[in-house]
Amino acid sequence: MDATSVDVAIVGGGIVGLAHAVEAVARGLSVTVIDRDERAVGASVRNFGHACITAQTGEALSFALAARDTWLRLGREAGFGVAECGTVVIARSAEESAALEELAARRGSDDVVLLTAAEVAALVPAPARSGALFPLDLRVDQRRAAGALADWLTDRPGVRMRWSTPVLGVEPGVARTARGDVRARQIVVCAGHNLDRLLPEVADEAGMRRCVLQMLQLRAPGVRIEPAVLTGSSMLRYPALSATAGAAALRERWARERPDLLDAVVNHMLTQLPGGDLVVGDTHAYARTPEPWNEEALDDLLLAETRALLDTGPLTVVRRWRGVYASAEGEFLRARVAPGVTAVAVTSGIGMTTAFGLAPAVLDSL
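Everything quoted here is computed from the prediction, not taken from an experiment.

Parameters and conventions
Residues numbered from 1 in each chain as written. Predicted model: local features only at pLDDT ≥ 70, side-chain atom pairs only at ≥ 80, totals over all residues. Heavy atoms only, no water. Buried < 20%, exposed > 50% of the residue type's maximum accessible area, 1.4 Å probe, protein only. Helix = DSSP H or I, 4+ residues; strand = E, 2+ residues; numbered from the N terminus. Pairing = 2+ DSSP bridges. Core = buried A, V, L, I, M, F, W, Y, C linked by side-chain atoms within 4.5 Å. Contact = heavy atoms within 4.5 Å. 1 Å grid on protein atoms, 1.4 Å probe; cavity = no way out; pocket = protein on both sides within 12 Å on 5 of 7 lines; lining within 4 Å. Points joined across faces, edges and corners; volume = space filled by probe spheres on them. Nonpolar A, V, L, I, M, F, W, Y, C, P; charged D, E, K, R; others polar. Axes fitted to C-alpha atoms, helices over the stretch in contact; angles between N-to-C directions. Phe/Tyr/Trp six-rings, centres within 6.5 Å; stacked < 30°, edge-to-face > 60°. Lys NZ or Arg CZ within 6 Å of the ring centre and 35° of its normal. Salt bridge = Lys/Arg side-chain N within 4 Å of Asp/Glu carboxyl O.

Overview of the pairing of strand β7 (residues 130–134)
Buried residues dominate β7, accounting for four of its five residues. Relative to β7, strand β5 (residues 87–91) is paired through five bridges, and the arrangement is antiparallel. Considered in β7, the bridge of Ile90 is made with Gly131. Note: strand β6 (residues 113–116) against β7, four bridges, orientation antiparallel. For Leu115, the partnering residue across the bridge sits in β7 and is Gly131.

Right under this line is the structure:
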């Protein structure tokens, strides 16, 4: 390896790639981050800014708990908002209440605080049967975090950010880009759902597809909701809740009464942006190559569900967009592609939640 090489080259400047760069810097390694765009514009900025810690299980829960401390530290050091506001899960049926009670019994009152309807209403303007607070969860200013982290990394010794630089291929010791070669002892590919553009065989073997989300930004004058908000549909999606008997009963009932929510794979949740608008979502559709257009009916469904949930005034759509992330069996992809070349992806839509716990495990494995 020549004297111009770095210790680690990271392909991808989203949250997962930046998390690996942050961990490499903490270990005293020299780092080059390479990204095809001039800034992060993918899943890292199109999400809820929700570190959904308590609803995870297994390895994802371990990574999420480790990432929590890193988010809090980096929010202070890099200058973006990270709020220890927790998550309120709203139960509007007996099945949903039962799911929360089962999770509370399993996890304990420190992790899951059961709420009465009045206690829910004090936190979220929404009628409820009952609810729960997940106090460990965080809300990150997602539209500033990636850019602030990239700036913070740029100021660290031994770090170089190479934006607007498409990677054409990777092989032991070198990442070949449209602007010349980047030489490194280790190369970590964090290309997210675009892994198949660079390493199609790795994506094929994992059965990777793109998960496309429809999401909304809504203006709700005078509304202030500090915590993230999950609903019954969230209980069918996040593993700690979906494993409960209450969630199973809810799915059976919705198969009869609300098949539209199940067909669209809705996770109806919301967070509030610093300026006051609500980020609301989301629906899920899976394909290797998704269709290029949105379905207006899905946006209408999300808007109707939000109006039915919140006891507030009028809601106005400000923005509509698609989120996209890599989806595959399991929650994480870690593949040794060649000597010194490793592909990494979060394949379950929890990159914000887990990336800063995943990155240390990946670097340990190198």
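Comments concerning the nonpolar core
One broad trend across soluble globular proteins is that nonpolar side chains are buried collectively. Formed by 50 residues in total, the largest nonpolar core has its most connected members in Ile15, Val31, Trp71, Phe80, Leu149, Leu153 and Phe356. Top element by residues in this core is helix α2 (residues 58–78). It accounts for nine residues. With near-sequence residues (within four places) excluded, Trp71 lies in contact with Ile15, Phe80, Val82, Leu138, Val140, Ala145, Leu149, Met352 and Phe356. By size, the runner-up hydrophobic cluster in this structure holds 28 residues, among which are Val88, Val120, Ala247 and Leu303.

Some remarks on the layout of surface pockets
The volume enclosed by the second largest pocket comes to roughly 230 Å³. Lining the second largest pocket are 17 residues; nearest its centre among them are Gln214, Ala285, Trp293, Glu295 and Arg322. Contributions of two or more residues to the lining of the second largest pocket are made by β13 (209–219) and β16 (278–287). A total of five residues in the lining of the second largest pocket trace back to one element, the largest contributor, which is β16. Its residues assigned to classes, the lining of the second largest pocket shows nine nonpolar, four polar and four charged.

Things to note about the sheet that holds β13
Read across the open sheet, the eight strands follow the order β6-β7-β5-β14-β15-β16-β13-β17; overall the sheet is mixed. The strands lining the two open edges of the sheet, one partner per strand, are β6 and β17 (316–327). Sheet twist, expressed as the mean angle between neighbouring strand axes with direction ignored, is 25°. Each of β5, β6 and β7 is contacted by helix α3 (residues 94–107), which is oriented at about 135° to β5, the strand it contacts most.

Considerations on the side chain of His20
Its location among the elements puts His20 in helix α1 (residues 15–26). Residue class for His20 comes out buried when judged on its relative accessible area of 1%.

Quick notes on the packing of aromatic side chains
Counted by the stated rule, this structure contains three aromatic pairs. Taking the centre distance of 5.9 Å and the plane angle of 90° together, the rings of Trp71 and Phe80 count as edge-to-face. Here Trp71 falls in the buried class, since its relative accessible area comes to 1%. Geometry around Trp321 places Arg143 over its ring, the cationic atom sitting 5.2 Å from the centre. Cation over ring: Arg156 sits above Trp152, and NZ or CZ is 4.4 Å from the ring centre.

Comments concerning the pattern of salt bridges
Across all of its chains, the model carries 25 salt bridges by this definition. In this structure, Arg253 and Glu257 form a salt bridge, with 2.9 Å as the shortest nitrogen-oxygen distance. With Arg253 and Glu257 both in helix α10 (residues 245–257), this residue pair falls four residues apart, about one helical turn. Its relative accessible area of 19% is what places Arg253 among the buried residues.

Function cannot be inferred from these measures alone, as they are strictly geometric.
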